Structure formats: structure tokens, C-alpha cells
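Descriptive analysis of the structure
One letter stands for each residue in the lines below.
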Amino acid sequence: MRKRLLFALIFTVHFCSAQVLSETQKLESLCRVWGFLKYYHPHVAKGKLDWDQQLLKKIDELENIRDKTQLDSLYSHWISSLGKTEECKMCLKADKSKTYFLKNFDLSWMQNPVVFSEQVRQQLLYIEANRNTGSNYYTGRSGRKGFFRNETSYGSKYTSKQISLLELFRYWNFVEYFFPYKYETDQNWNDVLTEMIPRFTRINNDEDYHLALAELVTKIDDSHAFLFSPLITKNLYGRKKVPVEYQYAEGKLVITKINKNSLNESSPLQTGDAIYSINGLTIPQMVNKFGKYIPASNSWGKVMKMKSYFLLTNEDSLTINIERNGQNIALRVKTYLLSMIAGEKPAVQKKWTFLDSDKKTGYVHMGIIEKNELDDMYKELQTASSIIFDLRNYPKQTIIPLSRMILPKRTPYYRFSFPEKDYPGKFYTAVNSIGKKNSDYYKGNVVVLVDENTQSQAETTAMMFKQHPKAKIIGSNTSGANGDITMFKIAGLDTCFSGLGAYYPDGRETQRIGIVPEIIVKPTVKGIREARDEVLERALEYIKTGY
């Protein structure tokens, strides 16, 4: 008898404790239900309700929810209050003309018995099966690009926990249903929500609000992404700078130019100095310190996006450790407001030229040549035995006309994934082809130079060049951020992410990986000091030797 009483007591305690929900669990479930209904429920998705206000009201109501039974009642009554959902016969028909990409699609959270009762699960599943189709008040498409609309702005200042959570929930659901690379993030997107809810509930000032938003945006691991916050730029990075220009190599910053300042003061730094630490932090340590606020697809993309911040500060000077002539030297270097640093116009670069007197090797700067100049370029360079296309920059939409000049035939060169507007979270794919049948195509060597600055359209252009029968990619891995961008605001601040997925025709990924060169070459400290372009040198060696 005593054993049975003990068992009953243990079971009762376990059962009751299992029903108690933490604040994070409650808010997680609210974020998911609110976002799902926003895009799936026909009345909500058509904009018939003030959906933000509904969320703010539910956040307040959660304060009085203690257990699963109460939460079930809240959700069940809420869903019922939204109006009758008619059966959607069209929703039963699969579009057989589309190839679906389902790595991002996940509504399994509905099946969580710890949070949702069978009744609520069935209500949610019914809405999925009879979801909104056609126009959506909150999303739209222009051509192949998607966009968000009708999102109320509450400004960029911290006002309340409720508004902060609303912005978190809004962004989290943007990514949940419309970011094509959600499945590739380092941290599972579900875990991001669990981590960030306590972070956002602790916010109590503007700066902490912006930092939390920047940290959230960084979680998507996408070099296309950013958060434009003047407050972060001013307070975290600074408004003063050491007046030098530099390149990154081997974990160091190699100074390539000393800029003038308005006070005409000299600098203790010299061109060729290799900076290896700033205020006691090595360059890799600085990347780790600030990297949580700067989104990037990979480590080299992170460094590329951070380079301009390394010598920024609000202090009047920085302690900088350098390597010079084989010696390690510590210097205290004065900083200046950006307005006090004299900028010089960059040297004019040729859009195309021959690199040798025999006119056997042509060179094209893809970052400055315009579409209307391609015919003139090709007339001049088509007799060359090799053409080097420098893609360490961002091209000016020259990919299509250029492909028709240099490729022998129309050929598939990448696969896109598009968000399915009638089934949020699902994507469908289509293979894109480029070029045309052309017996007079360019038959020489096509050598393409790439590095971490080769991003998005530049990466797609590199994929086009790879279709040439004598193409060779030389340099280092590209940025790994491919596909058109979706621009929007979060908490009144400009941001974006990759809006379309981009893959090789066989489905291999480029996002976070980049275009991997056949010949790997990275700048060195020695090469930068000697003002050499080591990637271009390696390309010329390849043209000369064939390897």
C-alpha cells in the first residue's frame, strides 16, 4: 500500500511539474504561433486584423499563464476568435511543374506535446491544410525578388519589453519562412529563439537594444546581411581613426599608405609596417570580440567586413604593435576624427588592356567596365591567347552580354531557389541557363581572379565563367553570399538578407563556401610590402606554364 501511495505521489509531482512552463517556453510558443498565423491564416494574412497589437496583448496575457492548460486555453480561444477558415481545395493540389526544396521547411513544433494539446495541434494543422493563397498583406514579389510590406515601425529607440520582443519575433519569423539558407546557420534557428528571448527581455536602453538586434542578425551567417546602426558605429567602433590605409594578410594589417591629416601632423607609422595587435588584442582576437555583431558567411568574409573597423576608436590614441625590419615595436599612435583625415581620389584604372607588348594576354577589370563597353573591349582583346577577368570586385551587370561573347553555347550554370508564396517556408528551384550558340566564341584561356571581395553577382559571374571550356579560377575562396537580397527594416533600422538560394546546377552549394578556385593563392605580408599583386602574378605564371 505504501509503495502504491509513493508511486502515486511521484507520478502526481512529475505530472504537475511537467505542466509548468518557463517564461522562455511560453514566449517561444507565442513567437511560433503568431508568425505561423500571420502568414498562413487566411484572415490574418489578408490584413484583416491589427496583428502587432494582437501580439502585444498576448505578451501581456502570458504574464498570468502558469501551465500548459492555461496556455492551451489562450491559444484555442485566440485561434477560434480569428474567424472561420474555409476549406481550401486548391491547397490539396501539388504543383507538379515545380521541384521543391524542403530543407528549410519545418512545422514540427506544432507536435510538441509539452506545449500544445491535441486540440490546439489540430487547429494549427487545419490552418496549414487550408492556408492563405494568392495575395498576402505582409509579403509580395516583384519579379523574382520577394519583399516585406505593411510592417509598422516603432522606431529604433528602446521603449518597452513588449516592443523589443515584437521586433525579435518579427525578424525570427522573417528568417523562419523566407530566408533560403536558414538550414545552413551555425546555430539551429530554433535554438537562436531560445537564446535570444532572455536577451531581449533584459534590454533596458537604446545601445543594448541595437547590440541585441545586431547579434540576432549575425546569427544568420550571411555576408549579405547587415544592420545599419549609427549608434553601434559611434559607441562600439568609434568616430576616430588612425589615418592609414592597409591590407589584411596572414593575420596582420600591412600599411600601404599614410594619409594626411588636417593638422599636418606626422605619423610614427610607415608603409610596410605589419600591425599584429591593437590595444593588446591581436587581429584574430579583435575579430572574435566584434564578430558577434557583424554577420558573415564564413571567417574570411568576417575579416573582409571588419577590416574598416580595426583602427576605429573613440580614444585619442591607440597602442599598436608592429613588425618592421624584423623587429617588434610598440607605438602610441594618435587618432583623428574621420573628417580630419584627407582622402585622395584613387588612381584611374584601365577598364581593359593588354599586359604584354605582344598583345597575347588581355586584362579586364570587371568592377568598372560597363555593359555598353563590352563590344569595344572584345573587339580589342579577342585576338589575345588569354584574357584575365579580374572579379575581385563587384561587376556592373555584365554577365549576360559577356556570356554571349565568350561561351560556345547556351548552358545551365546555376540553380535558384525561390520562396513559395502560397506555402511559406517551402522553396522551389529552377535551373538558369546562360549564353547562346556561338561558333565564334572566345577560344583562348579564360582566367578569372577571385577573393573574399567576390560576392553575390560577382560569384554568379564566376559560375558563368566556369562554363567556358578553358576556364581557370585563381585566387582564394569567394565570399559565399549568393542570391538576390531582400531589403527591409527591423526596429526602424535598415537590414537585409539573401532572398534567393543559389546553387550549381547539380545542387552543390556556394553559400558559406564560396567559389573554390582551382589554384589557391592568397596575399602575403611580404608581397604587400613589395606592392605586388600575387594573385595576378600566379595567373600570368599559369598562362605561361599551363599549371
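The structure presented is a predicted model; accordingly, all values stated were derived computationally and were not measured.

1. A look at the nonpolar core
Core analysis: the largest hydrophobic core is formed by 136 residues, its most contacted members being F36, F169, Y171, F200, L402 and F465. It is helix 7 (residues 161-178) that contributes the most residues to this core, 11 residues altogether. In this structure, Y171 is in contact with W189, L216, V217, I220, F488, I490 and F497, ignoring residues within four places of it in sequence. Of all hydrophobic cores here, the second largest spans 12 residues; its members include L449, I519, V521 and L536.

2. Looking at the packing of helix 13 (residues 374-381) against helix 14 (residues 399-406)
Relative orientation and spacing of two packed helices are given, respectively, by the angle between their axes and the distance between those axes. Two elements in contact, helix 13 and helix 14, have axes separated by 11 Å at closest approach and are oriented at 25 degrees. When the interaxial angle is binned, helix 13 and helix 14 end up roughly parallel. Helix 13 and helix 14 meet at a crossing whose hand is right-handed. When helix 13 is examined against helix 14, the residues L374, D375, M377 and Y378 are found in contact with a partner set consisting of P401, L402, M405 and I406. For the contact of helix 13 with helix 14, the class distribution of residues is seven nonpolar, no polar and one charged.

3. Considering the domain arrangement of the protein
Here the protein is partitioned into domain 1 (23-178 + 186-219), domain 2 (234-340) and domain 3 (352-545). Here the C-alpha centroids of domain 1 and domain 3 sit 38 Å apart. Listed as interface residues are 37 residues of domain 1 and, on the opposing side, 30 residues of domain 3. A buried area of about 3,100 Å², summed over both sides, lies between domain 1 and domain 3, and 58% of it is on carbon and sulfur atoms. By the criterion of area lost to domain 3, the three top residues of domain 1 are F101, R144 and F178, representing 21% of everything that side buries.

4. Description of the sheet that holds strand 13 (residues 336-337)
The three strands are arranged 10-5-13 in an open sheet whose pairing can be described as antiparallel. In the strand order of this sheet, the two ends are held by strand 10 (312-313) and strand 13, each with one partner.

5. Topic: the sheet that holds strand 20 (residues 471-475)
If you walk across this open sheet you meet the six strands as 14-15-16-19-20-24, and the pairing is mixed. Of all strands in the sheet, those with a lone pairing partner are strand 14 (352-354) and strand 24 (519-520), marking the two edges. Across three bridges, the pairing between strand 14 and strand 15 (residues 361-365) is antiparallel. When the bridges of strand 15 are listed, F354 appears paired with G362. Sheet contacts for helix 13: strand 14, strand 15 and strand 16 (386-390); angle to strand 14, the most-contacted strand, approximately 5 degrees.

6. Some points on helix 14
Among all positions of helix 14, only I399, L402, S403, M405 and I406 are buried. Burial along helix 14 is one-sided: seen end-on, the buried residues are contained in an arc of 160 degrees. Each element contacted by the buried residues of helix 14 is listed here: helix 13, strand 16, strand 17 (411-419), strand 18 (427-434) and helix 15 (457-465).

7. Some points on unusual backbone geometry
Although it is not a glycine, Q397 sits at a positive phi angle of roughly 55 degrees. Within the secondary structure, Q397 is located in the loop between strand 16 and helix 14.

8. A short note on the packing of helix 9 (residues 206-218) against helix 10 (residues 230-237)
Orientation of helix 9 relative to helix 10, taken along the N-to-C sense of each, is 100 degrees, at an axis distance of 10 Å. Judged by the angle between their axes, helix 9 and helix 10 are roughly perpendicular. Judged by residue contacts, D206, E207, H210, L211 and A214 of helix 9 engage L231, I232, N235 and L236 from helix 10. A class-by-class count of the residues in the contact of helix 9 with helix 10 yields five nonpolar, two polar and two charged.

9. Some remarks on the pairing of strand 6 (residues 244-249)
Where strand 6 and strand 7 (residues 252-258) come together, six bridges link them in antiparallel fashion. Each residue of the ladder has a partner; that of Y246, found in strand 7, is I255. The turn joining strand 6 and strand 7, which pair antiparallel and follow one another in sequence, is formed by two residues; a positive phi near 55 degrees is taken by E250.

10. Overview of the side chain of T353
With respect to the secondary-structure elements, T353 resides in strand 14. Residue T353 is classed as buried on the basis of its relative accessible area of 19%.

11. Regarding the state of the cysteines
A complete count under the given rule lists one disulfide for this structure. A sulfur-sulfur separation of 2.2 Å characterises the disulfide bridge that pairs C88 with C91. Its S-S torsion of approximately 80 degrees makes the covalent link between C88 and C91 right-handed.

12. Remarks on the environment of P42
The topology assignment puts P42 in helix 3 (residues 42-45). For the pair P42 and T133, spaced 91 residues apart in sequence, the C-alpha to C-alpha distance is 7.6 Å. With sequence-adjacent residues up to four places away left out, P42 is seen in contact with T85, N130, R131 and N132.

13. A word on helix 4 (residues 51-62)
Spanning 12 residues, helix 4 covers 17 Å between terminal C-alpha atoms, matching the ideal 16 Å at 1.5 Å per step. The complete set of buried residues in helix 4 reads W51, D52, Q54, L55, L56, K58, I59 and L62. Where helix 4 is buried, its residues touch helix 2 (23-40), helix 3, helix 5 (68-81) and helix 7.

14. A look at a nonpolar patch on the surface
Taken together, the side chains of I513, V516 and I520 present a nonpolar region at the surface, about 240 Å² in accessible area. Structurally, I513 can be placed in the loop between strand 23 (501-503) and strand 24.

15. With respect to the side chain of D422
Within the element layout of this structure, D422 appears in the loop between strand 17 and strand 18. The contact partners of D422, leaving out residues within four places of it in the chain, are M90, R131, N132, T133 and G134.

16. Things to note about the packing of aromatic side chains
Evaluated as defined, the whole model comprises 35 aromatic pairs. Lying over the aromatic face of Y428, K98 brings its terminal NZ or CZ to 4.3 Å of the ring centre.

The rules behind each value
Residues numbered from 1 in each chain as written. Predicted model: local features only at pLDDT ≥ 70, side-chain atom pairs only at ≥ 80, totals over all residues. Heavy atoms only, no water. Core = buried A, V, L, I, M, F, W, Y, C linked by side-chain atoms within 4.5 Å. Buried < 20%, exposed > 50% of the residue type's maximum accessible area, 1.4 Å probe, protein only. Helix = DSSP H or I, 4+ residues; strand = E, 2+ residues; numbered from the N terminus. Contact = heavy atoms within 4.5 Å. Axes fitted to C-alpha atoms, helices over the stretch in contact; angles between N-to-C directions. Parallel < 35°, antiparallel > 145°, perpendicular 65-115°, else oblique. Left-handed = near helix turned anticlockwise from the far one by under 90°. Nonpolar A, V, L, I, M, F, W, Y, C, P; charged D, E, K, R; others polar. Domains from an automatic or database assignment. Buried area = accessible area lost by both parts, 1.4 Å probe. Pairing = 2+ DSSP bridges. Arc of directions from axis to C-beta. Disulfide = S-S within 2.5 Å. Expected span 1.5 Å × (residues − 1). Patch = residues over 30% accessible without salt bridge, like charges linked within 9 Å, V, L, I, M, F, W, Y side chains within 5 Å. Areas by Shrake-Rupley, 256 points an atom, 1.4 Å probe, with all protein chains shown as cover. Salt bridge = Lys/Arg side-chain N within 4 Å of Asp/Glu carboxyl O. Phe/Tyr/Trp six-rings, centres within 6.5 Å; stacked < 30°, edge-to-face > 60°. Lys NZ or Arg CZ within 6 Å of the ring centre and 35° of its normal.

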